[in-house]
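Observations on the three-dimensional arrangement
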Amino acid sequence: MTGRLEARGIRKSFDSLAVLDGVDVLVESGQVLCLLGPSGCGKTTLLRVLAGFEPSDEGQVLLDDVAVRGPSLALGVVAQSGGLFPWLTLRDNLAFGPRHNGRSDVDAVVDELLNATGLNGFDGSLPRELSGGMRQRASIAQVLTNRPPVLLLDEPFGALDAQTRLRMHEWLRALLGQRPTTTVLVTHDVEEALLLGDQVGLLSGRPSLITKRLVVPFGAHRGRHTVSRPDFVRLKAEVLDQVLAT
Ligand SMILES: Nc1ncnc2c1ncn2[C@@H]1O[C@H](COP(=O)(O)OP(=O)(O)O)[C@@H](O)[C@H]1O
Ligand SMILES: [Mg+2]
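This report concerns the structure included in the present document. (Residues numbered from 1 in each chain as written. Chains lettered and ligands numbered in written order. Predicted model: local features only at pLDDT ≥ 70, side-chain atom pairs only at ≥ 80, totals over all residues. Heavy atoms only, no water.)

Section: the layout of surface pockets
- Here the largest pocket defines a volume of roughly 470 Å³.
- Considering the residues around the largest pocket, the lining is formed by 23 residues, among which L73, V77, Q142, V143 and N146 are closest to the centre.
- When residues of the lining of the largest pocket are traced back to their parent elements, those giving at least two are β6 (75-78), α2 (90-100) and α4 (132-144).
- Residue composition of the lining of the largest pocket, by class: 12 nonpolar, 11 polar and no charged.
- The volume enclosed by the second largest pocket comes to roughly 280 Å³.
- In terms of lining residues, the second largest pocket is bounded by 15 residues, among which R173, L176, G177, D198 and A220 are the most central. (1 Å grid on protein atoms, 1.4 Å probe; cavity = no way out; pocket = protein on both sides within 12 Å on 5 of 7 lines; lining within 4 Å. Points joined across faces, edges and corners; volume = space filled by probe spheres on them. Helix = DSSP H or I, 4+ residues; strand = E, 2+ residues; numbered from the N terminus. Nonpolar A, V, L, I, M, F, W, Y, C, P; charged D, E, K, R; others polar.)

So, the sheet that holds strand β3 (residues 32-36)
- Taking strand neighbours across the sheet as the criterion, the six strands line up as β6-β7-β8-β3-β9-β10 in an open arrangement whose pairing is mixed. Edge positions in the sheet fall to β6 and β10 (210-215), since each has one partner strand and no second. On average, each strand axis in the sheet is inclined to that of its neighbour by 15°, with strand direction left out of account.
- Examined bridge by bridge, strand β9 (residues 199-203) and β10 share five bridges and lie antiparallel to one another. Pairing of Q199 across the sheet is with V215, part of β10. (Pairing = 2+ DSSP bridges. Axes fitted to C-alpha atoms, helices over the stretch in contact; angles between N-to-C directions.)

Details of the site of ligand 1
- Residues in contact with ligand 1, as listed here, are F14, L17, V19, P38, S39, G40, C41, G42, K43, T44, T45 and R206.
- At 2.8 Å from an oxygen atom of ligand 1 is found a side-chain nitrogen or oxygen belonging to T44.
- Between ligand 1 and R206 there is a distance of 3.2 Å, counted from an oxygen atom to a side-chain nitrogen or oxygen.
- Protein contacts shield 59% of the accessible area of ligand 1, which totals 560 Å² for the unbound molecule.
- Mapped by element, the contributors of at least two residues to the shell around ligand 1 are β2 (17-27) and α1 (43-50).
- Partitioning the shell around ligand 1 into residue classes produces five nonpolar, five polar and two charged. (Near = heavy atom within 4 Å. Polar contact = N/O pair within 3.5 Å; in protein donor to acceptor, adjacent residues only side chain to side chain. Areas by Shrake-Rupley, 256 points an atom, 1.4 Å probe, with all protein chains shown as cover.)

A short note on the state of the cysteines
- Tallied over the entire structure, the rule returns zero disulfides.
- Distance from the sulfur of C34, which forms no disulfide, to the nearest cysteine sulfur (C41) is 14 Å.
- Judged by its relative accessible area of 0%, C34 falls in the buried class. (Disulfide = S-S within 2.5 Å. Buried < 20%, exposed > 50% of the residue type's maximum accessible area, 1.4 Å probe, protein only.)

Brief notes about the pattern of salt bridges
- Enumeration according to the criterion identifies 19 salt bridges in this entry.
- When the shortest N-O distance is used, the salt bridge between E58 and R11 registers 3.5 Å. Of this pair, E58 sits in strand β4 (residues 58-63) while R11 sits in strand β1 (residues 5-14), placing them 47 residues apart in sequence.
- In this structure E58 comes out as partly exposed when scored by relative accessible area, which is 46%.
- Here R48 ties to E54 by a salt bridge, and the two come within 3.3 Å at their closest N and O atoms.
- Residues participating in the shared-partner salt-bridge network are R4, E6, R8, E28 and D65. (Salt bridge = Lys/Arg side-chain N within 4 Å of Asp/Glu carboxyl O.)

Dropping the structure here:
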């Protein structure tokens, strides 16, 4: 499985509320697409449709050219609030999926992800004993235990302070560099989209469709040094204008 994700003409309403108005998405294997849109425009709805959690009224989602008809371990989803079980330790949270799937190497999978997320030493902690940034890393690690070719992230760093968020951006880029995973990340934060995306799609207000697409020109090595680059500042201002105009 290569993890090429495509959505064609996705329309979705809740009763009389039209939310998605024909959204097309194409993410090539190992690429990161950031979808940027205002609050309430339908970002979570779109991600849930991509994840197979929610049927669309029209259109289809294809993973490696095969229609997605429901949730699948190939589509790793991290919801806005994360997915950790509050009553389980970090280790048991990460071990939950592999154990459930009858894997024989549960400890090795968990140890590797604790390392990759910088959370070793905290494996006996409960989620509430972790900082916000650690909890978000843990939620992503929990989904990665299934080795999904596709990762769907719903505003994963939205609740964090600006400094922690920047650290998380550097961390996620490094993680995806080590284990290329087709990723769709929805956000309302322009800087986040430009730091993390290979491509950015702008969602209009509701009912939403993608009104602009851009290929992010800042290369693979992005981080805190990138945000002060004149070309970054310029593009950020330009995209912000487009977001505010929608
Ligand atoms: N299950 C649902 N039933 C009814 N309305 C919903 C449901 N889910 C979302 N909505 C509505 O759809 C719109 C888009 O919601 P959402 O996808 O959560 O937006 P975003 O994530 O961009 O903030 C909102 O007006 C919301 O109230
Ligand atoms: Mg949302």
